[in-house]
Amino acid sequence: MHTFAYARPTELAEAVALLEAHGPDARLLAGGTDLIIRLRDGSARPGVVIDVKRIAEMRPSIREEAGCLVIGAGTVMSDIAADDRARRVFPALAEAAAVVGSVQIRNRATLAGNVCNASPAADTAPALLVYGARVVAVGPAGTRRIPIDGFFVRSGVTTLARGEIVTAIELPVPERAMGAVHVRRTRRRGHDLASVTLCCGVDTAGVTRLAYGSVGPRPVLGVDESGVLADPAAPDAVKGPIFERLFVDASPSARSMRASPEYRQAMLRVLGARALRVAIDRLAQR
Amino acid sequence: MSASAAMLPIELTVNGQRRAIEVAVHHTLLDVLRDDLGLTGTKECCLVGECGACTVILDGRTVDSCLVLAVEADGLEITTVEGLAADQGLSLLQQAFLDKGAVQCGFCIPGQLVSAHALLADNPHPTVPEIQEGLAGNLCRCGCYQQISDAVLATADGAGR
């Protein structure tokens, strides 16, 4: 591993100042499950690594605030998977957090890091898209809230500005009851990256939200407000074209070694149909 | 605070012992445990957080020590495989690994033991699927998964560890 300067600020303002001063030469370090790998293989060569884990505002926390569940940037996947409120109100997010990596990875990897790393295969991204999460970012110009659908650009690239640090992810508690589920396809059970990762949510107004990742440069959200997909009695001939429209933005790469584009496209529909059925069932049970 | 380069002093509690050392900022906890502290039970293998050979317990939770900088562990408590047994002997879990034939080449075993130890601390009576999920981050290329699972089950059934 090449050497770098290590900073461990305890104040958020210090971290913002460092990040603003060093720009792309600085990298934030939270769980490190992505960054340390890249430091070692040389694909990231920052001059400064800013460890954010000792900043008070970044400490692990899951709290309720103004109609939202607020997940602090230092919160790791294990905590989200085990959190009662997350499991009750945002079960698809808890399910996604529970399948990221292995126990060792989940004990270290943060939700904020998963989002900022902007991997197309990020398992938590589809659930965050379905739940309409917002990314809370603090920067030189103050605090802003970025809707998650406007946050991802492509692998490793987000709409964060220079000097901005994600301090939390906010999930608005759904106004209408929702049934939702996260599903994924991997090469092996246990510890693997997803060939397709997908979340579907259906609410009492008949709105279906379906989001998926690992099938293109960024995770994608599709919404059906017609009520057709959410209606188990709707005929397949009517459902088919609406269901298919959800997947128009899927563009899996032919270069990925995990699965071929044809396989991903096929599994996307299989998982989509499966998740839709479970989401409808879960809504009925609420 | 300005950024610091090269070497930094840190304090760790490793297997109950306080250690004040100076570490290179780009060295991982794995590097420091093995090369600076001589605790070679923790193994280096994939270096990408997939195999679990370098698993240690950091402030009560298992982590891949190849993905943690030593400076990140400043002030924290670490348990390595050398710290699993209370005295010079073996823990019940370690003995069960031997009794069930879970150890072939042995390279993955320190990581398996640390993960299994942490699993049983959280969940004293795991089911087989819970054991499989709990140890999914520890690969065994000899393929002793069945015997490892049996050893964890046998320990869970025993009276304490």
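Now for a description of the structure that goes with this document.

Calculation criteria
Residues numbered from 1 in each chain as written. Chains lettered and ligands numbered in written order. Predicted model: local features only at pLDDT ≥ 70, side-chain atom pairs only at ≥ 80, totals over all residues. Heavy atoms only, no water. Phe/Tyr/Trp six-rings, centres within 6.5 Å; stacked < 30°, edge-to-face > 60°. Helix = DSSP H or I, 4+ residues; strand = E, 2+ residues; numbered from the N terminus. Buried < 20%, exposed > 50% of the residue type's maximum accessible area, 1.4 Å probe, protein only. Contact = heavy atoms within 4.5 Å. Salt bridge = Lys/Arg side-chain N within 4 Å of Asp/Glu carboxyl O. Polar contact = N/O pair within 3.5 Å; in protein donor to acceptor, adjacent residues only side chain to side chain. Nonpolar A, V, L, I, M, F, W, Y, C, P; charged D, E, K, R; others polar.

### Looking at the packing of aromatic side chains
Residue and element names in this part refer to chain A.
Turning to step 1, where the next piece is worked out: On inspection of all chains with the given rule, the structure shows 4 aromatic pairs over all chains.
Turning to step 2, where the next piece is worked out: Ring geometry for phenylalanine 90 against tyrosine 131: centres 4.9 Å apart, planes inclined by 85 degrees, an arrangement best described as edge-to-face. Residue phenylalanine 90 is found in the loop between helix H4 (84-89) and helix H5 (91-99), and its partner tyrosine 131 is found in the loop between helix H8 (124-130) and strand E6 (134-139); the two are separated by 41 residues along the sequence.
Turning to step 3, where the next piece is worked out: Ring geometry for tyrosine 212 against phenylalanine 247: centres 5.6 Å apart, planes inclined by 45 degrees, an arrangement best described as tilted. On the criterion of sequence distance, the pair formed by tyrosine 212 in strand E13 (residues 208-213) and phenylalanine 247 in the loop between helix H9 (236-245) and helix H10 (261-285) is long-range, its members being 35 residues apart.
Turning to step 4, where the next piece is worked out: The exposure class of tyrosine 212 is buried, given its relative accessible area of 0%.
Turning to step 5, where the next piece is worked out: Pairwise contacts between aromatic rings join Tyr212, Phe243 and Phe247 into one cluster.

### Focus: the interface of chain B and chain A
Turning to step 1, where the next piece is worked out: Each partner contributes residues to the interface: chain B has 37 residues there, and chain A has 38 residues.
Turning to step 2, where the next piece is worked out: Linking chain B with chain A are 5 salt bridges.
Turning to step 3, where the next piece is worked out: With a shortest N-O distance of 2.8 Å, Arg8(A) and Asp74(B) are connected by a salt bridge.
Turning to step 4, where the next piece is worked out: Taken together, the links from chain B to chain A amount to 16 residue pairs in polar contact (both at pLDDT 80 or more).
Turning to step 5, where the next piece is worked out: Mapped onto the side of chain B that touches chain A, the elements with two or more residues apiece are strand E3 (55-58), strand E4 (61-64) and helix H4 (128-134) of chain B.
Turning to step 6, where the next piece is worked out: With 4 residues, E4(B) is the single largest residue contributor to the side of chain B that touches chain A.
Turning to step 7, where the next piece is worked out: Residue composition of the side of chain B that touches chain A, by class: 19 nonpolar, 12 polar and 6 charged.

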